[in-house]
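Each chain is listed here by its residues.
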Amino acid sequence: MSDKVREPLRELSACGLPEALEVMGERWAFMILRASFNGLHHFEEFLNELGIARNILSNRLTKLVENGILDREPHPEDRRRIEYRLTEKGKDLLPAMLALRQWGQKYSAECTPTDPVLVDERDRMPVGPIALLAHDGRMLTGMDLTMIARADLPERARGVREGTLDGELAEPAE
């Protein structure tokens, strides 16, 4: 990436990364997220499957609910029993979780091929790498990236939110 224009690194609100790390920036948050994607919904399931301390699990579940990653709902048949379900915001973390998993598999000296294998439901083939995509769908590498001021974007792109393929508009500047 170019060093001509840089993100304001001291300005924590100017980037989504600090906010994401505030919510998801520790091991147990991602392990709970992974367990949720694997169909776990109850406190005792998380506790038994993850081997996490009860107080840490309670704290992390509360934080994930407060930040809109999980919903906390009473069980339909037994209202005393609580279920934790992924929200749309939580489901949107799947690519980040898979990217970290793939990175760990690639660089871990002890990592063996996973079993079970995450596959495409349609053809049962293993998923490919999580990748950066250009607005037109091309795969990009770090060498393909640079930063420019929003004012220097082509006029048709000035209102487009970074990270979208469908041209969602960016939030208005304050």
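Quick note: structure is the one above.
Just so we're clear, the structure is a prediction, and the values are computed from it rather than from any experiment. (Residues numbered from 1 in each chain as written. Predicted model: local features only at pLDDT ≥ 70, side-chain atom pairs only at ≥ 80, totals over all residues. Heavy atoms only, no water.)

Enquirer: Before we move on, can you summarise the nonpolar core with the specific residues and values?
Expert: Counting residues in hydrophobic clusters, the biggest one holds 23 residues, and the most contacted among them are Met24, Ile32, Leu33, Phe46, Leu57, Leu61 and Leu64. Of all the secondary-structure elements, those providing two or more residues to this core are helix H1 (16-24), helix H2 (27-37), helix H3 (43-50), helix H4 (54-66) and strand S2 (82-86). Per-element tally for this core: the top contributor is H2, with six residues. Filtering out sequence-adjacent residues up to four positions away, Ile32 remains in contact with Phe46, Leu50, Leu57, Arg60, Leu61, Leu64 and Leu70. (Core = buried A, V, L, I, M, F, W, Y, C linked by side-chain atoms within 4.5 Å. Buried < 20%, exposed > 50% of the residue type's maximum accessible area, 1.4 Å probe, protein only. Helix = DSSP H or I, 4+ residues; strand = E, 2+ residues; numbered from the N terminus. Contact = heavy atoms within 4.5 Å.)

Enquirer: Tell me about the packing of aromatic side chains, and please be specific about residues and values.
Expert: Per the stated rule, a full pass over the model turns up two aromatic pairs. Ring geometry for Phe46 versus Tyr84: centroids 6.4 Å apart, planes at 65 degrees, classification edge-to-face. One end of the pair, Phe46, is in helix H3; the other, Tyr84, is in strand S2, with 38 residues separating them in the sequence. For the pair Phe46 and Tyr84, a shared accessibility class is recorded, and that class is buried. Plain terms: the ring middles of Trp103 and Tyr107 are 5.7 Å apart, the flat faces sit at 50 degrees to each other, and that makes the pair tilted. One end of the pair is Trp103 and the other is Tyr107, both in helix H6 (residues 94-107) and four residues apart, which spans about a single turn. Both residues of the pair, Trp103 and Tyr107, belong to the exposed class. The ring centre of Trp28 lies 4.6 Å from the NZ or CZ of Arg27, which sits over that ring. (Phe/Tyr/Trp six-rings, centres within 6.5 Å; stacked < 30°, edge-to-face > 60°. Lys NZ or Arg CZ within 6 Å of the ring centre and 35° of its normal.)

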